[in-house]
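Geometric and topological summary
Residues per chain are reported as follows:
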Amino acid sequence: MRSNAASHPLSAVLFDLDNTLLDRDAGFLRFCQELYHTSGVMGQAHTEEEAVALIQAFDDGGQRSRHDVFDDIMRRWPGVFRDLEQAMQVYLTTSPRLIVLEPQTRELLEDLQDGGIPCAIVTNGGSIMQRAKI
């Protein structure tokens, strides 16, 4: 059932992007799984569950820089990426498509739009990646 956003006395709504509008953690999990399946290197030493858990630990819930995370990945699994530049390119092209807008979030945004309530996104994430997600 859709709510009536017009009945609320809101002048505007600001949303955080990661783990508010978008489930960043679920998207990162899918990225880790895809990386495992596309890299023959990881499977030589770890099960999918082990490798994903290690990458998630490197990521620390998104608190560490992508460069540090990919440095850790390349040290753990030499050959998974040619270099840091390739790692970042893979991440920037793969990750945004793995993060989905949940139906209930889409419905809320549509309700706010229907009610004429302006919305904006505020985020402390890197501009290139955040724009790709949006």
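Note that this is a predicted model, so its numbers are computed, not measured.

Let's shift gears to the environment of Leu10. Structurally, Leu10 is set in the segment before strand S1 (13-16). The spatial distance from the C-alpha of Leu10 to the C-alpha of Leu109 is 13 Å, given a sequence separation of 99 residues. Those residues in contact with Leu10 that lie beyond four places of it in its chain are Leu112 and Ile117.

What the rule picks out here adds up to seven salt bridges. Lys133 is paired through a salt bridge with Asp18; the nearest N and O atoms lie 2.5 Å apart. One end of the pair, Lys133, is in helix H7 (residues 127-133); the other, Asp18, is in the loop between S1 and helix H1 (24-38), and 115 residues separate them in sequence. Overall, Lys133 belongs to the buried group, its relative accessible area being 13%. Residue Asp18 is classed as partly exposed on the basis of its relative accessible area, which comes to 21%. Note that Asp25 and Arg24 form a salt bridge whose closest N and O atoms lie 3.5 Å from each other. It is possible to trace a salt-bridge network through shared partners that takes in Arg24, Asp25, Asp59 and Arg66.

A few words on the side chain of His46. Along the chain, His46 turns up in the loop between helix H2 (40-45) and helix H3 (48-59). The exposure class of His46 is buried, given its relative accessible area of 17%.

Met42 and Ile73 are the most contacted members of the largest nonpolar core, which totals 22 residues. Elements with a contribution of two residues or more to this core: H1, H3, helix H4 (66-76) and helix H5 (84-98). At five residues, the largest contribution of residues to this core is made by H1. Those residues in contact with Met42 that lie beyond four places of it in its chain are Leu35, Tyr36, Ala51, Ile55, Ile73, Trp77 and Val80. Membership of the second largest hydrophobic core comes to eight residues, among which are Phe15, Leu21, Leu112 and Ile117.

The next point concerns the layout of surface pockets. Approximately 480 Å³ is the volume found for the largest pocket. Listing elements by their share of the lining of the largest pocket, those giving two or more residues are H5 and H7. The element that contributes the greatest number of residues to the lining of the largest pocket is H7, accounting for five residues. Residue composition of the lining of the largest pocket, by class: five nonpolar, 11 polar and six charged. Reported here for the second largest pocket is a volume of approximately 220 Å³. Together, Phe15, Leu17, Leu21, Leu22, Leu101, Leu109, Gln113, Cys119, Ala120, Ile121, Lys133 and Ile134 line the second largest pocket. Those elements that place two or more of their residues in the lining of the second largest pocket are helix H6 (103-114) and strand S2 (119-122). Counting residues per element, the lining of the second largest pocket draws most heavily on S2, at three residues. Within the lining of the second largest pocket, the residues separate by chemical class into 10 nonpolar, one polar and one charged.

Rules behind the numbers
- Residues numbered from 1 in each chain as written.
- Predicted model: local features only at pLDDT ≥ 70, side-chain atom pairs only at ≥ 80, totals over all residues.
- Heavy atoms only, no water.
- Helix = DSSP H or I, 4+ residues; strand = E, 2+ residues; numbered from the N terminus.
- Contact = heavy atoms within 4.5 Å.
- Salt bridge = Lys/Arg side-chain N within 4 Å of Asp/Glu carboxyl O.
- Buried < 20%, exposed > 50% of the residue type's maximum accessible area, 1.4 Å probe, protein only.
- Core = buried A, V, L, I, M, F, W, Y, C linked by side-chain atoms within 4.5 Å.
- 1 Å grid on protein atoms, 1.4 Å probe; cavity = no way out; pocket = protein on both sides within 12 Å on 5 of 7 lines; lining within 4 Å.
- Points joined across faces, edges and corners; volume = space filled by probe spheres on them.
- Nonpolar A, V, L, I, M, F, W, Y, C, P; charged D, E, K, R; others polar.

From the geometry alone we can't say anything about function, so treat these as descriptive.
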